[in-house]
Structure formats: C-alpha cells, structure tokens
Amino acid sequence: MATGHFDFARLIAVAMSNPSTAKTAISPRREEDFPEWYQQVVRAAELAEPSDVRGCMVIRPWGYGIWENMQRQLDAMFRATGHRNAYFPLFIPLSYFAKEAEHVAGFAKECAVVTHTRLEVDADGKMKPSSPLTEPLVVRPTSETIIGASYAKWVQSYRDLPILINQWANVVRWEMRPRLFLRTTEFLWQEGHTVHETEAEACAETKQMLDVYEKFVRDHLAIPVYSGEKSESERFPGAVQTLSIEAMVQDRKAIQAGTSHFLGQNFSRASGIQFQNREGKQEFGWTTSWGMSTRMVGTVVMTHGDDDGLILPPRIAPTQIMILPITPKEETRAKVLEACDKLARELRDQRYADLALEVDVDRRDIGGGTKNWEWIKKGVPLRVEIGPRDLESNSVAVSRRDQPMKRKASMSRQEIVSRVPEILDSIQQSLFERAKKFRDEQTRVIESKKDFYDFFTPKNSAKPEIHGGFALAHWNGSRESEQQIKNDLKVTIRIIPFGESEKGRCIFTGEPSSRRVIWAKSY
RNA sequence: CGGGCUGUGGCUCAGCUUGGUAGAGCGCCUGCCUCGGGUGCAGGAGGCCGUGGGUUCAAAUCCCACCAGCCCGACCA
C-alpha cells in the first residue's frame, strides 16, 4: 500500500511539471468568449448538435440522458404533489388558439401553422402540398387552449375539481436566433395545467409548483435561484400573474429556470371551463400552468462548466462513475478488465439518492489520455482508474470532476465502494456552493441610477467583456422607466422578490418604492 | 420582416482579382511506435467546388437568376 501511494505522488509530480497540461480542453476559455465556449462544450460533451432543419437540434444520448434524469426527478415531484400525466394533441385548431386575445397576440409571431395535407407532384416534378385544410392548425407553442377544450368537457361541478394534470411534450416556437438548448425552434418540456374551485387555491398551486421547481433545481441541478414575480411586461401572455425562478450563469446573465402562472379565469372564460359551485351557480374555473424545458440542460452547462468542459451534478449525470482500465501491456489487459468489471458490479449495488448508481467501464481500445479527456469534457462526476499496479496494491485512483484534473486520490477498492455515496454527495454539494458563491459575489445592492448604469455598461464597448450581474435596486413600478432601462442597457427586471418590503426611493424616478427588484441582462 | 457577408471532402478554410476541371489543417481508416495525461511516424479513403442558365476551345474562377446559411437590428422556455 505504501508503494502505491509513493507511485502516485511521483506520477502527479511529473504531470504537474509538464507545461502541456496547462492547456484547457475547451477553447476559447470562458472569459475569452463565453457564447463560443458554450457551443464548444455542448459539442465536445456530445450533448447535442445543430440539425439540417433550421433552428432545430439533435439531442444526443449523453444530453438526452441528462434530460431523462431531470424528467424522472421532476415527474416524481409532480406525482408527490398529486399531479398525473396525460397527453394532448400537437395541433391546435386556429379558432381555439385565437380564443384568448392576449395569448394569441403574445405567440402569433412565433407560430408554425399547418395549412395543407397531402403532397402531390406538380408539373415540374416537385412535391407540393395539395389540399388546403378548412381550418389551419397551429403547432402548439404551449397548450393552454387545446387542454382547455378538454377541461371544458370534464368540468361540470365543483366536485370535479381540482384537475391536476401534467404533460411531457415537444413544442414549437419559431424563434429568430436559435442556440442549442437555450433557444431552439422545437424543444422538449413539461407543462402542467390545473383547474381549481377558488382563486386562493389556484394561487396556492401556482406558488407550490414554483417551490417544486426551486427545490428541484437546488437539490438535483445544484443551482441556486432567486424566486419571485415577473413584472407586467415580462408576464406570460394571458396570465394574471407569472412567477419564476432565476439562475445566474457564469457570464453573469440571468436565465429563467422555471415559470408558474396564475391564469385567473382568463383561459377558462376563453375555453368555457365552467362549473356549478357550492351555491349552485355557474362559475368559471381558476386555472394555472407551469413549465420547465430542455433549456435547463443548457443552464447546467453554463452554471457548472469550466474550461475543460462540462461538469455534471451527480444526481443528473447519466453515468456517475466511469471506470477507466489502464492497459499498458497486453499480458495484464485481461486481468485489469476483469478487475474493472468486478468493481463496476460492486459499485452498482450501492444506492445513491434513491437510485442505483450508474457505473460504466470504458473498455474501448484507444489512447488512455484521449479516453480520460473525453470523460472530463463530458463531465462525469467520478473517474476511477485501475491499472496493473493497482491490482497488486488493491487500490484505485479516483478523480473528482469538481476538482483539478491532476488531483487523484488513491484509495483501496473497499474504500471507494463504501464511500461512493458520500463522495458524490460532496461533489453535488460543492457544485451548489461554488455556484452560490459566484452568484452572491456578482449580486450588488445599487442605490443610484449612475451606479446602475456603470454596473451594466461594458468597459470596452467594441469587445464587451463579461460584466454586470444581478442588481438589487428600488423601483416604483413605472413601466416607462423599465422600458427605458431595457432600451439603454438591455437590462430587465428578472423578478420582484416575494414578501420582504423595504421603504426607499426608485433610483430612476425618485418616487417612493416599497421594495427592491432584481435587474439583470438575461437569456 | 429590414441591412451586410458567405456557399469548395465529415469540420474549419485556401484557391477566384490575372479562366486551363482542386489543396491545407483537423477528423476518419490501416500499420508500426507509444500507452498511469489528449503522443509520434508512415501509408490511405473521401469532393461532378450550393442549384439552374449564360459567356468561352475551356468555368470553382467571369455574368445572370434562384436557393440556402451566417452576422447586425425588433421577440422568447
């Protein structure tokens, strides 16, 4: 055992003296060009790639595995709060969609519309749509109206309420500037749609689901968020109130991580969701909707990634532990592989976060360094190396992705097996703390308009560096000042935090203000 | 939807001004050397140069049209 430790110490010393290891796996580095860094990470980690279809992406197995883990965790939380899954049509008749005026206005520009069926060969030999539909179909950008049509049939009496349904689906929003995961024409999400007997109950549901999102993002994605209400201008089209959780990613911009809407009776009026209440009178239902999308995959990348690629929180990693056989000599190869398989079996028997551990052995016959770097870029939380020397000393070399790549811990096989849940928890925890520290450091209390403008104005306008962050500043609710800030700085109110009031004066208008709001540039 | 740029092997691009029917790097394949840090060497596969038309003995190169994509301005999970 002592010799095992000695060997590693020497090995690490050699690695650290080699200047070539200073090179980062991803270029450019984050501070050089953050958007480009993001794209390179998504590609290097094989999460997704652009498709030939404009604005659409192909989600590759590693990226989809992350999404599936998110789905599984979220889905369990929805069930635990009494929701059940169902599925509604992809196509929404234009007339349904048009029922809620603000809603259509908000989504009209980004709707894909199906106007024809069947293809026919024209005179030039080209295929072209032939039969116009009597009524165009909107490809859902969100499903309030089509789900509302069903709810209208299902709801007769207060006894039918509440209705608590979620659907996992794809939606289409014809966006101008696609970016993998963050903004694509088609994306995957979950949308919850509920109907309640009273306004208070619907409001409570809206808040409850926001809390579910906050907990999910904190506990599973290791991302700290601020939660609160959206200002009127940022509200979901047709909603009475929109709540959201906002995360900060490493270029200091805000990203909306989940939203929950209190829809009042707007959509039930539009769809005719009516019930006979306890007094025997007809009343419109009180509805909510809430959603979280594949955008969260991009958010994880931008929150935790470093200059060597992705870093995955263990709870959502498709594989938590990758075992890397070191097979320098053909003679020892079989033995090493056998030891790897055995360790994988032992590790898989361990439980972590109520799940069986996902452990793989990378037995591909490619260069050891190449292989190692691949898993670094993919963000696997733990890499475990086993080589011929380890067989003799009954040890393994363990690398944590949240720590410098050169740091390896040598431990016995028994030790790694028994300590794995604890180590993964420690990684999960350290990622959260690192992200929280970063966010807190980039959040400023701002007291004057000048400081506000300074905070959000890049020092070098030709090549804007990463700048700004979250600003906590008093605002009196004036829509004009909000619009002015957006025009001047591209900074918007991300949320109006719940509860906590503090008397002060709006830093833009000088009018009395009852609370600070969070301002930031955003995705 | 308004303004600028670009379409050449899987990817990034050179070649175009001064027409003579293709090049580099990366990636990929094979072999050898390496292998506890993304290595090296040798060989190889892969392109009717976005599409259609025109000029010409001859077009990746010049002209016209079309199509597609990228960047910049208004929207968004």
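About the criteria used
Residues numbered from 1 in each chain as written. Chains lettered and ligands numbered in written order. Predicted model: local features only at pLDDT ≥ 70, side-chain atom pairs only at ≥ 80, totals over all residues. Heavy atoms only, no water. Phe/Tyr/Trp six-rings, centres within 6.5 Å; stacked < 30°, edge-to-face > 60°. Helix = DSSP H or I, 4+ residues; strand = E, 2+ residues; numbered from the N terminus. Buried < 20%, exposed > 50% of the residue type's maximum accessible area, 1.4 Å probe, protein only. Core = buried A, V, L, I, M, F, W, Y, C linked by side-chain atoms within 4.5 Å. Domains from an automatic or database assignment. Contact = heavy atoms within 4.5 Å. Patch = residues over 30% accessible without salt bridge, like charges linked within 9 Å, V, L, I, M, F, W, Y side chains within 5 Å. Areas by Shrake-Rupley, 256 points an atom, 1.4 Å probe, with all protein chains shown as cover. Salt bridge = Lys/Arg side-chain N within 4 Å of Asp/Glu carboxyl O. Pairing = 2+ DSSP bridges. Axes fitted to C-alpha atoms, helices over the stretch in contact; angles between N-to-C directions. Buried area = accessible area lost by both parts, 1.4 Å probe. Polar contact = N/O pair within 3.5 Å; in protein donor to acceptor, adjacent residues only side chain to side chain.

Peer 1: Just checking my understanding: could you explain the packing of aromatic side chains for this structure?
Peer 2: The relative placement of two aromatic rings is captured by the distance of their centres and the angle of their planes. Applying the stated rule across the entire model yields 20 aromatic pairs. Here phenylalanine 452 and phenylalanine 508 contribute two aromatic rings whose centre-to-centre distance is 5.0 Å and whose plane-to-plane angle is 90°, an arrangement assigned as edge-to-face. Placement of phenylalanine 452 in helix α14 (residues 449–456) and of phenylalanine 508 in the loop between β25 (504–505) and β26 (512–513) is noted, with a sequence separation of 56 residues between them. The pair formed by phenylalanine 452 and phenylalanine 508 is uniform in burial state, with each residue classed as buried. Relative to phenylalanine 456, the ring of phenylalanine 455 has its centre 4.9 Å away and its plane inclined at 65°; by these criteria the two rings are edge-to-face.

Peer 1: Help me out: how do you make sense of the nonpolar core in this one?
Peer 2: In summary, soluble globular proteins display a tendency toward joint burial of nonpolar side chains. If you look at the biggest cluster of nonpolar residues, it comprises 52 residues, and the most contacted ones within it are Leu47, Met70, Phe181, Val217, Leu221 and Leu310. Only α2 (34–44), α3 (61–80), α7 (199–219), β10 (241–248), β11 (254–264), β14 (286–293), α9 (295–304) and β15 (321–325) provide two or more residues apiece to this core. The element that contributes the greatest number of residues to this core is α3, accounting for seven residues. Here this core gathers at least three residues from each of two domains, domain 1 (34–91 + 140–304) and domain 2 (314–439). Discounting chain neighbours no more than four positions away, the residues touching methionine 70 are Phe216, Leu221, Met296, Val297, Val300 and Ile316. Formed by 28 residues, the second largest nonpolar core is a distinct cluster that contains Cys340, Leu347, Leu382 and Val417.

Peer 1: Just checking my understanding: could you explain a nonpolar patch on the surface for this structure?
Peer 2: A cluster of nonpolar residues, Leu119, Val121 and Met127, forms a patch on the protein surface that exposes about 320 Å² of accessible area. Considering the arrangement of structural elements, one finds valine 121 in strand β5 (residues 112–121). The class for valine 121 is exposed, based on a relative accessible area of 53%.

Peer 1: Even after reading the chapter, I still don't get the sheet that holds strand β19 (residues 382–386), so can you show me in this structure?
Peer 2: The strands that make up a sheet pair up through hydrogen bonds in the backbone, lying either parallel or antiparallel. With mixed pairing, the five strands of this open sheet are ordered in space as β18-β15-β19-β20-β21. Only two strands of the sheet have a single neighbouring strand rather than two, namely β18 (359–361) and β21 (409–412). Strand-to-strand twist of the sheet, defined as the mean angle between neighbouring strand axes without regard to direction, takes the value 25°. Pairing geometry for strand β20 (residues 395–400) and β21, over four bridges, is antiparallel. Counted as the bridge partner of alanine 397 is serine 410 from β21. Helix-sheet contacts for helix α10 (residues 330–348) involve β15, β18, β19 and β20, and the interaxial angle to β15 is about 165°. Packing of helix α11 (residues 368–378) onto the sheet brings it into contact with β15 and β19, and relative to β15 it is tilted by some 170°.

Peer 1: Which parts of the structure should I look at to understand the sheet that holds strand β9 (residues 226–229)?
Peer 2: Pairing is mixed in the open sheet, where 11 strands are placed in the order β3-β7-β8-β14-β11-β10-β9-β24-β27-β23-β22. Two strands bound the open sheet, and with one partner strand each, they are β3 (84–85) and β22 (443–445). Strand direction decides the pairing type here: β22 and strand β23 (residues 470–474), joined by three bridges, are parallel. What sits directly across from valine 445, in β23, is leucine 472. Relative to the sheet, α7 contacts β7 (163–172), β8 (186–196), β9, β10, β11 and β14, its axis offset from that of β14 by approximately 10°.

Peer 1: Got a minute to help me understand the pattern of salt bridges in this structure?
Peer 2: Should the charged atoms of two oppositely charged side chains come close, the side chains can pair. Taken as a whole, this structure holds 30 salt bridges when the rule is applied. Aspartate 341 is the partner of arginine 363 in a salt bridge, and the nearest nitrogen-oxygen pair spans 2.6 Å. In this pair, arginine 363 sits in the loop between β18 and α11 while aspartate 341 sits in helix α10, placing the two residues 22 residues apart along the sequence. Between arginine 364 and aspartate 362 there is a salt bridge; the shortest N-O distance is 2.7 Å. On the basis of relative accessible area, arginine 364 is assigned to the partly exposed category, the value being 37%.

Peer 1: Hey, could you run me through the domain arrangement of chain A in this one?
Peer 2: When the parts of a complex come together, some accessible area is lost, and that lost area is often taken as the interface size. With domains assigned, chain A is organised as domain 1 (34–91 + 140–304), domain 2 (314–439) and domain 3 (443–520). Relative to domain 2, the C-alpha centre of domain 1 lies at a distance of 35 Å. Across the contact, 26 residues belong to domain 1 and 17 residues belong to domain 2. Of all residues in domain 1, the largest losses of buried area upon contact with domain 2 belong to Trp62, Pro224 and Met248, amounting jointly to 31% of the total for that side. Taken together, the connections running from domain 1 to domain 2 amount to one salt bridge. Of the charged contacts in the structure, one is a salt bridge between glutamate 46 and lysine 378, with a shortest N-O distance of 3.2 Å. Summed over the shared surface of domain 1 and domain 2, the number is seven residue pairs in polar contact (both at pLDDT 80 or more). At the level of elements, α3, α7 and α9 are the ones that each hand at least two residues to the side of domain 1 that touches domain 2. Top element by residues in the side of domain 1 that touches domain 2 is α3. It accounts for seven residues.

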